[in-house]
Amino acid sequence: MLYHILVKVIFLRVKTLRKTFLFLDTIVNKVDNKGRVSLPSDYRAIVKELSTEIVCYRSLTAPCIEGCCEEMLEKLASDMENSLDFFSQEQDNLTNLIFGDAKRFTFDSTGRILLTDKLLQYAGITDTAVFVGKGRKFQIWNPENWEKEEARIRAEVLKNRPSLKLPEKNNG
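What counts, and at which threshold
- Residues numbered from 1 in each chain as written.
- Predicted model: local features only at pLDDT ≥ 70, side-chain atom pairs only at ≥ 80, totals over all residues.
- Heavy atoms only, no water.
- Helix = DSSP H or I, 4+ residues; strand = E, 2+ residues; numbered from the N terminus.
- Contact = heavy atoms within 4.5 Å.
- Areas by Shrake-Rupley, 256 points an atom, 1.4 Å probe, with all protein chains shown as cover.
- Core = buried A, V, L, I, M, F, W, Y, C linked by side-chain atoms within 4.5 Å.
- Buried < 20%, exposed > 50% of the residue type's maximum accessible area, 1.4 Å probe, protein only.
- Pairing = 2+ DSSP bridges.
- Axes fitted to C-alpha atoms, helices over the stretch in contact; angles between N-to-C directions.

A. Main features of the overall build of the protein. When its secondary structure is counted, the protein shows six helices and eight strands. When the helices and strands of the protein are read in sequence order from the N terminus, they spell out α-β-β-α-β-β-α-α-β-β-α-β-β-α. Look at the contacts in the protein between residues 6 or more apart in sequence, and 62% of them connect residues 24 or more apart. Split by element, the accessible area of the protein, about 12,100 Å² in all, is 55% carbon and sulfur.

Structure follows, in structure tokens:
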């Protein structure tokens, strides 16, 4: 009897696991005066299912905070080790700015993370934060800055009309 119950529990658990782990959507959350902000519930679910932690650091390309699961940062470290000369200035610069700045965040019982003053100031975040899903990573923006950036991106995409080439299916 116990065996059948265990099999059912395992089956139900496997059945409810996500097929993909992508950070999606654009979500606005309040930031309290201590710098705590609720991680979107879908993001928390990914972190829980992967049994990992969120890692955040200052973006190298925009006035926002970059976030991802710890495994994504490990992949980035591997990719950098495999593609850059270990003693190059480029490798030093990137690893200093990313890994030297990155911090692990766990969320509390209400789903909040406590962002550091350094991150909040860099992104210009005060009382409201915008979480922008980017697939395997996400960004946290000041709402006004995100609104301007989203308008810039949309104008650029409409002007350039990029295309995505899909691999051809083999009919054989």
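B. View of the nonpolar core. Core analysis: the largest hydrophobic core is formed by 22 residues, its most contacted members being Ile 65, Leu 115, Ile 125, Phe 131, Phe 138 and Ile 140. Of all the secondary structure elements, the ones that give two or more residues to this core are helix H2 (41-50), strand E3 (54-58), strand E4 (65-69), helix H5 (117-123), strand E7 (128-133) and strand E8 (137-141). In this structure Phe 138 touches Phe 23, Leu 39, Tyr 43, Ile 54, Ile 65, Glu 66, Gly 67, Cys 68, Phe 131, Val 132 and Gly 133, once residues within four positions along its chain are discounted.

C. Spatial organisation of unusual backbone geometry. Even without being a glycine, Asp 25 presents a positive backbone phi close to 80 degrees. By the element assignment, Asp 25 lies in the loop between helix H1 (2-16) and strand E1 (26-30). Among the residues examined, Asp 25 registers a relative accessible area of 54% and is labelled exposed. Although it is not a glycine, Ser 51 sits at a positive phi angle of roughly 50 degrees. With respect to the element layout, Ser 51 can be found in the loop between H2 and E3.

D. Main features of the sheet that holds E1. What the six strands build is an open sheet, ordered E1-E7-E8-E4-E3-E5; its pairing is antiparallel. Each edge of the sheet is formed by a strand with only one pairing partner; in this case those strands are E1 and strand E5 (103-105). Averaged over all neighbouring strand pairs, the angle between strand axes comes to 30 degrees, with direction disregarded. As defined by bridge partners, E3 adjoins E5 across three bridges and the pair is classed as antiparallel. Following the sheet pairing, Val 55 is matched in E5 by Arg 104.

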